[in-house]
Every structure is written in C-alpha cells, then in structure tokens.
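Spelled out from the first residue to the last, the chains are:
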Amino acid sequence: MRFGIPRNCTIGGATYTIRRSNLLEDNNMYGLTDHTKSTITLDSKLTEDLLQRTFIHEAIHQMDVVYDTHLRESQIKRLAYGVAELVKQLEVSNVRNKD
C-alpha cells in the first residue's frame, strides 16, 4: 500500500495544483515548484518510490517558503528522504493494523 499523489496540496493556506510533465528530459529535474503559478510539477516517468520522494521534496520546498525557514537544498533533500522513510513505516503499520 502506497500513498497516492494528490491532485492538489495545501500548505500554509496556499493550494498548489500537482501536474505531471517530462521534466527529466526537458529540464533534467525530477520535480519543480512554481510559487507564482501555485503548481508542483513532477516528472511523469518516475518510479513510484521516486515519485513519492520527489513530491515530499517539493512539499518541503513549499513549507520552507511559507514558514520562512531558509533551508538549503541539501537540507531539503535529506528531510525528504527521512519523511519518505517515515511514510513507508506508517503505511506498513496501517496494513498490519487492518489484519
């Protein structure tokens, strides 16, 4: 069981539309947040694990702006790995609890 990527994401009162595109081919990126257009774009060819981690990474970028934390890209990347690991553990826990 994996969490699905939502169509919209709201953080700090700002709602972002989630889109898919060929970012990796066109811009050599897995994901991109555009605060002026309120969009998060994710590469359409990512594996499920990488797609989830990229979504979390971009959501942390939103939080960084909204909550004015001034995180460096390297910090955001490490946080995204940690949060993705936590989400996986929660998913396993939820599956076990349903049995």
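See above for the structure.
Anyway, here's the lowdown on the structure attached to this text. The shown structure was predicted, so the numbers you read here are calculated from the model rather than taken from an experiment.

Here is what the cut-offs are and how they apply
- Residues numbered from 1 in each chain as written.
- Predicted model: local features only at pLDDT ≥ 70, side-chain atom pairs only at ≥ 80, totals over all residues.
- Heavy atoms only, no water.
- Helix = DSSP H or I, 4+ residues; strand = E, 2+ residues; numbered from the N terminus.
- Buried < 20%, exposed > 50% of the residue type's maximum accessible area, 1.4 Å probe, protein only.
- Contact = heavy atoms within 4.5 Å.
- Areas by Shrake-Rupley, 256 points an atom, 1.4 Å probe, with all protein chains shown as cover.
- Core = buried A, V, L, I, M, F, W, Y, C linked by side-chain atoms within 4.5 Å.

Observations concerning the overall build of the protein
Part 1 of the argument: Within the protein one finds 3 helices and 4 strands.
Part 2 of the argument: Ordered by position from N to C terminus, the α and β elements of the protein give β-β-α-β-β-α-α.
Part 3 of the argument: Taken over 99 residues, the protein has a buried fraction of 31%.
Part 4 of the argument: Sequence separation of 24 or more characterises 37% of the internal contacts of the protein that already satisfy a separation of 6 or more.
Part 5 of the argument: For the protein, the exposed area adds up to about 6600 Å²; of that, 51% sits on carbon and sulfur atoms.

Some thoughts on unusual backbone geometry
Part 1 of the argument: We note that Asn28 has phi near 55 degrees; this positive angle belongs to a residue other than glycine.
Part 2 of the argument: Take Asn28: it is sitting in the loop between α1 (23-27) and β3 (31-34).
Part 3 of the argument: Residue classification places Asn28 among the exposed residues on the basis of a relative accessible area of 65%.
Part 4 of the argument: At Ser38, a residue that is not glycine, the phi angle is positive and equals roughly 55 degrees.
Part 5 of the argument: Take Ser38: it is sitting in the loop between β3 and β4 (39-43).
Part 6 of the argument: A residue is classified by how much of its surface remains accessible, and Ser38, at 26% relative accessible area, is partly exposed.

Remarks on the nonpolar core
Part 1 of the argument: The biggest cluster of nonpolar side chains holds 12 residues, and these are Ile5, Cys9, Ile11, Tyr16, Ile18, Ile40, Leu42, Leu46, Leu50, Leu51, Phe55 and Ala59.
Part 2 of the argument: Considering every element that reaches this core, the biggest residue donor is helix α2 (residues 48-66), with 4 residues.
Part 3 of the argument: Beyond its immediate chain neighbours, meaning those up to four positions away, Leu42 contacts Ile5, Ile18, Arg19, Arg20, Ser21, Leu23, Tyr30, Gly31, Leu51, Thr54, Phe55 and Glu58.
Part 4 of the argument: With 5 residues, the next largest nonpolar core counts Ile56, Ile60, Ile76 and Ala80 among its residues.

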